[in-house]
Protein chains: 2
Amino acid sequence: MATTINITKRTDTKINNVDFNNLIFGTVFTDHMFYCDYKDGQWQQPQITPYQAMSFDPAARVFHYGQAVFEGMKAYKDEEGKIFLFRPDQNFKRINKSSARLAMPEFPEDFFFEGLTELLKLDSAWIKPGVGNSLYLRPFVIATEPAISASPAKEYRFMIILSPAKAYYAGKVRVLFAEKFSRAANGGVGFAKAAGNYAAQFYPTSLAQKKGYQQVIWTDANSHENLEEAGTMNVFFRINDTLITAPTSDRILDGVTRKSLIQLCDDLNINCEVRNITVSEIKTAAKNGSLKEIFGAGTAAVISPVEAFEHAEELFELPEIENSYGSLLKDSMLKIQHNLAEDKHGWRYEVR
Amino acid sequence: MATTINITKRTDTKINNVDFNNLIFGTVFTDHMFYCDYKDGQWQQPQITPYQAMSFDPAARVFHYGQAVFEGMKAYKDEEGKIFLFRPDQNFKRINKSSARLAMPEFPEDFFFEGLTELLKLDSAWIKPGVGNSLYLRPFVIATEPAISASPAKEYRFMIILSPAKAYYAGKVRVLFAEKFSRAANGGVGFAKAAGNYAAQFYPTSLAQKKGYQQVIWTDANSHENLEEAGTMNVFFRINDTLITAPTSDRILDGVTRKSLIQLCDDLNINCEVRNITVSEIKTAAKNGSLKEIFGAGTAAVISPVEAFEHAEELFELPEIENSYGSLLKDSMLKIQHNLAEDKHGWRYEVR
């Protein structure tokens, strides 16, 4: 692909200092990064440079008003060294949907794909083959204009940084159903990958962690009765042989993994219902033994099986299960992502 | 006051390039800034340096997760050149309340006041005497740790930057009552000056602006029937001779101007009720002529009189009024702030 990107390469590499068997998620970055500034009403010349700190005015609006959106994606390498992305068109559409909700300009499709492609080709050594290995890609957009009136900026920076990853959560997780705190309001920005949605969850999540739960499953702000999402993951519940996940809304993120799993259920003849799920339904199912599985679904973790949940001081341990839908779906997803299975829906995108 | 701050002064000043009669809010900054980094579990040596861009890693969590809070304050100078802040203890308490909600470390009280004092003394020429003139102070805290896992940072920067200001809104404003979009959820972060609360309002506000309204008055996310706040201001409604403002909650900011006005009403024998106000109550009052005034109350604008509001495609123009409570309260506030009236509640804080 011919590129319009201005590329400045590193002359050496940091890769030999990295222990790929002991990666801590999101702390190690590759040799290069992509960025493109928006000013005077348009996106400027895209740049690839060595990964490095950058200079920002203390009045940059992102520091004051959280005008920032991001995406999470992964690149995979097969045994032949081919590099694949998984449904990047979905991330492209969603970052612009998030931007629109925060009054930020949309990023051009050609810059997005060219940026990803050139960056991945330069840093391809950082993508290790083998199921479970991946390179996490973080496109994001921040308001850079130095002006602290509470209104949309006129200047932005779109960036992509890359971080080699193992699975996000190592094992099974214990979760707390939210009873008091909430993540999103009707008419708010819960559906967007808006930066502020995440910081808002840190304190309630830290309280849950003190009680021994890694994640919070958010409920609606109104009644705290409808189970919604886990903040960094959508959530699936299995009652008997039916999977259930909440419909997307202006409170719930339209997850790429979530929608792919719904399609895979169809392919694998697993019954999957998209409907509201209440706390009482899940507690009842847990008590009568019909609740078989709960798992989170997201790019970072693919599938995060839940081993226990708590609500209103009641603890429920989930049973060990043989034919886990979570395991089956994770295995299917990983095989498609790593070019080890047929890609009947055209989800793989080869980077070349 | 003896200082523990490490101070590096500018050798010249930018002040002679500034047109103080034509200031655009939040775009001009003084010669110096204050900052203090948090790492290894504690706040480090505070610094005052020339105002300048700073270097940040692209993975700094503030860029990805909106982990950032701020305050808005003003400094005033009287005719003798004395410098005053208005209830800075309230801003100090609130920034730490905001930080706690976003799982950020609290900032020490002595550093906060020493930082403000030393910075204002250095840049005192930027505070012009005269009612209406002020120096806007922006303390803020951002998550600087370069790590993109969705969890609280271990490193932060507390900063104060200063911007000379005229009144935030020049004239009367036209406002739209929110019918679909919302600002905050129960159990969310609406009460905090969390960065993400502001970006979330930009798009709905831009839609209102296209219709000719400068601001949105937010309603509850549930019913859109309770009038809450204006995003950068609390709101007061006057029906006949009674002022009404919504009670603070986990959705509504506990504004310093709001609470000071409630006290001033008591001092001035104006009846002020703190209670829920519904859209229908205000529309009915507008129709029968008992709605006399609406105004916003906040640090930047002090009082912003509303001249018209729209709800459900119905437009209501407010009457011109002689004994405006908004004008009376604004005048009283400004006199206290500028050391032109008795300070019976000890709100003024002299900087020396």
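What counts, and where the lines are drawn
- Residues numbered from 1 in each chain as written.
- Chains lettered and ligands numbered in written order.
- Predicted model: local features only at pLDDT ≥ 70, side-chain atom pairs only at ≥ 80, totals over all residues.
- Heavy atoms only, no water.
- Phe/Tyr/Trp six-rings, centres within 6.5 Å; stacked < 30°, edge-to-face > 60°.
- Helix = DSSP H or I, 4+ residues; strand = E, 2+ residues; numbered from the N terminus.
- Buried < 20%, exposed > 50% of the residue type's maximum accessible area, 1.4 Å probe, protein only.
- Lys NZ or Arg CZ within 6 Å of the ring centre and 35° of its normal.
- Salt bridge = Lys/Arg side-chain N within 4 Å of Asp/Glu carboxyl O.
- Contact = heavy atoms within 4.5 Å.
- Polar contact = N/O pair within 3.5 Å; in protein donor to acceptor, adjacent residues only side chain to side chain.
- Pairing = 2+ DSSP bridges.
- UniProt positions renumbered as here; feature names shortened; annotations may be inferred.
- Axes fitted to C-alpha atoms, helices over the stretch in contact; angles between N-to-C directions.
- Parallel < 35°, antiparallel > 145°, perpendicular 65-115°, else oblique.
- Nonpolar A, V, L, I, M, F, W, Y, C, P; charged D, E, K, R; others polar.
- Core = buried A, V, L, I, M, F, W, Y, C linked by side-chain atoms within 4.5 Å.
- Arc of directions from axis to C-beta.
- Least-squares fit on C-alpha atoms with pLDDT ≥ 70 in both.
- Expected span 1.5 Å × (residues − 1).

Participant: Teacher, can you tell me more about the packing of aromatic side chains here?
Facilitator: Any two aromatic rings considered together are summarised by their centre-to-centre distance and by the angle between their planes. Tallied over the entire structure, the rule returns 54 aromatic pairs over all chains. Arranged with centres 5.6 Å apart and planes meeting at 50°, the rings of A:Y65 and B:Y198 form a pair that is tilted. Placement of the pair is A:Y65 in helix α1 (residues 61–65) and B:Y198 in helix α4 (residues 195–210), with the two residues belonging to separate chains. Classification of B:Y198 by relative accessible area gives buried; the value is 3%. Summarising the aromatic geometry, the rings of A:F107 and A:F158 are spaced 3.7 Å apart at their centres and angled 0° between planes, so their arrangement reads as stacked. Placement of A:F107 in the loop between α2 (88–101) and α3 (109–122) and of A:F158 in strand β10 (residues 156–165) is noted, with a sequence separation of 51 residues between them. With relative accessibility at 3%, the residue A:F107 sits in the buried group. According to the relative accessible area criterion, A:F158 is buried, its value standing at 0%. In textbook terms, an aromatic cluster arises when at least three aromatic residues are bridged by ring pairs, as seen for A:F34, A:Y38, A:W43, A:F92, A:F107, A:F111, A:F112, A:F113, A:Y156, A:F158 and A:Y349. Sitting over the ring of A:F20, A:K128 keeps its end group 4.6 Å from the ring centre.

Participant: How should I be thinking about the pattern of salt bridges in this particular structure?
Facilitator: Two side chains with opposite charge may pair up if their charged atoms get near one another. All names here are of chain A. Within this structure, the stated rule accounts for 46 salt bridges over all chains. When the shortest N-O distance is used, the salt bridge between K335 and D331 registers 3.2 Å. Here K335 pairs with D331, and both are found in helix α7 (residues 325–337), just 4 residues apart, close to one helical turn. The exposure class assigned to K335 is partly exposed, which follows from its relative accessible area of 34%. Residue classification places D331 among the partly exposed residues on the basis of a relative accessible area of 39%.

Participant: Where do I start with the interface of chain A and chain B in this structure?
Facilitator: In this assembly, 60 residues from chain A lie in contact with 60 residues from chain B. Viewed at the interface, chain B and chain A are joined by 0 salt bridges. The interface formed by chain A and chain B holds 20 residue pairs in polar contact (both at pLDDT 80 or more) in total. Where the side of chain A that touches chain B is concerned, the elements lending two or more residues are β5 (54–56), α1, β6 (68–70), α2, β9 (134–143), β10 and α4 (195–210) of chain A. Here the element with the most residues in the side of chain A that touches chain B is α4(A); it accounts for 8 residues.

Participant: What is the right way to read the pairing of strand β2 (residues 32–39) of chain A from this model?
Facilitator: Every regular strand shows the same layout, with side chains that alternate between the two sheet faces. Residues and elements named next belong to chain A. Counting buried residues in β2 gives 6 out of 8 residues, a clear majority hidden from the surface. Sheet topology places β2 next to strand β4 (residues 47–50); 4 bridges connect them, and they run antiparallel. By the bridge assignment for β4, H32 is matched with P50. The sheet contact formed by β2 and β10 spans 5 bridges and is antiparallel. Paired with D37 across the strands is R157, a residue of β10. Bridge count between β2 and strand β3 (residues 42–43): 2 bridges; the pairing is antiparallel. Counted as the bridge partner of K39 is Q42 from β3. The antiparallel pairing of β2 with β3 creates a hairpin that spans 2 residues between the two strands, and D40 there sits at a positive phi of about 50°.

Participant: Any chance you could explain the UniProt feature "modified residue: N6-(pyridoxal phosphate)lysine" (unreviewed entry) in chain A here in plain terms?
Facilitator: Residues and elements named next belong to chain A. In the numbering used here, UniProt assigns the feature "modified residue: N6-(pyridoxal phosphate)lysine" (unreviewed entry) to K193. Tracing the chain through its elements places K193 in the loop between β11 (173–177) and α4. Classification of K193 by relative accessible area gives buried; the value is 10%. Ignoring anything within four residues of it in the chain, the contact list for K193 reads A68, V69, F70, E71, G72, R94, S98, Y198 and L253.

Participant: What is the right way to look at the side chain of B:R94 in this model?
Facilitator: All names here are of chain B. As for its placement among the helices and strands, R94 is situated in helix α2 (residues 88–101). Here D254 takes part through its backbone oxygen, which lies 3.1 Å from a polar atom of the side chain of R94. In this structure R94 touches E71, K193, L253, D254, G255 and V256, once residues within four positions along its chain are discounted.

Participant: How should the packing of helix α5 (residues 256–267) of chain A against α7(A) be read in this particular structure?
Facilitator: Packed helices, taken two at a time, are described by the angle their axes make and the gap between the axes. Residue and element names in this part refer to chain A. Between α5 and α7, the least distance of the axes is 11 Å, while the angle of their chain directions is 105°. Accordingly, the angle class assigned to the pair α5 and α7 is roughly perpendicular. Side by side, α5 and α7 meet where T257, S260, L261, L264 and C265 of the first sit next to L329, S332, M333 and I336 of the second. Its residues assigned to classes, the contact of α5 with α7 comprises 6 nonpolar, 3 polar and no charged.

Participant: I would appreciate a short explanation of the nonpolar core in the present structure.
Facilitator: What tends to happen in soluble globular proteins is that the nonpolar side chains get buried as a cluster. Counting 138 residues, the largest nonpolar core has A:F63 and B:F63 as its most contacted members. Filtering out sequence-adjacent residues up to four positions away, B:F63 remains in contact with A:F56, A:V62, A:F63, A:A68, A:F140, A:I142, A:A195, B:F56, B:D57 and B:P58. Core analysis: the next-biggest nonpolar cluster, separate from the first, contains 24 residues, B:V175, B:V235, B:I252 and B:I282 among them.

Participant: Just to check I follow, could you spell out helix α6 (residues 279–288) of chain A for this structure?
Facilitator: Note on helix geometry: an α-helix contains 3.6 residues per turn, so any two residues three or four positions apart are oriented the same way. Residue and element names in this part refer to chain A. Among the residues of α6, those classed as buried are V279, I282, K283 and A285. Projection of α6 onto a plane perpendicular to its axis shows the buried side chains occupying an angular sector of 160°, all on one side. Turned more than 90 degrees away from the buried face of α6, the exposed residues are K287 and N288. Those residues of α6 that are buried lie in contact with β11, β13 (234–239), β16 (291–298), β17 (302–311) and β18 (314–317).

Participant: It is not clear to me how the relation of the copies chain A and chain B should be interpreted in this structure. Could you clarify?
Facilitator: Relating the two copies of this chain is a rotation about some axis coupled with a shift parallel to it. Superposition of chain A onto chain B requires a rotation of 180° combined with a translation of 0.0 Å along the rotation axis, giving an RMSD of 0.0 Å. Put plainly, the chains are arranged around a two-fold axis. A share of 100% of interface residues in chain A that are also interface residues in chain B marks the association as one of identical surfaces.

Participant: Where do I start with helix α5 (residues 256–267) of chain B in this structure?
Facilitator: Residue and element names in this part refer to chain B. Taking 1.5 Å per residue as the helical rise, α5 with its 12 residues ought to reach 16 Å, and the 17 Å between its terminal C-alpha atoms agrees with that figure. Among the residues making up α5, those that are buried are V256, T257, R258, S260, L261, L264 and C265. In the segment just after α5, N269 is the residue with positive phi, at about 60°.

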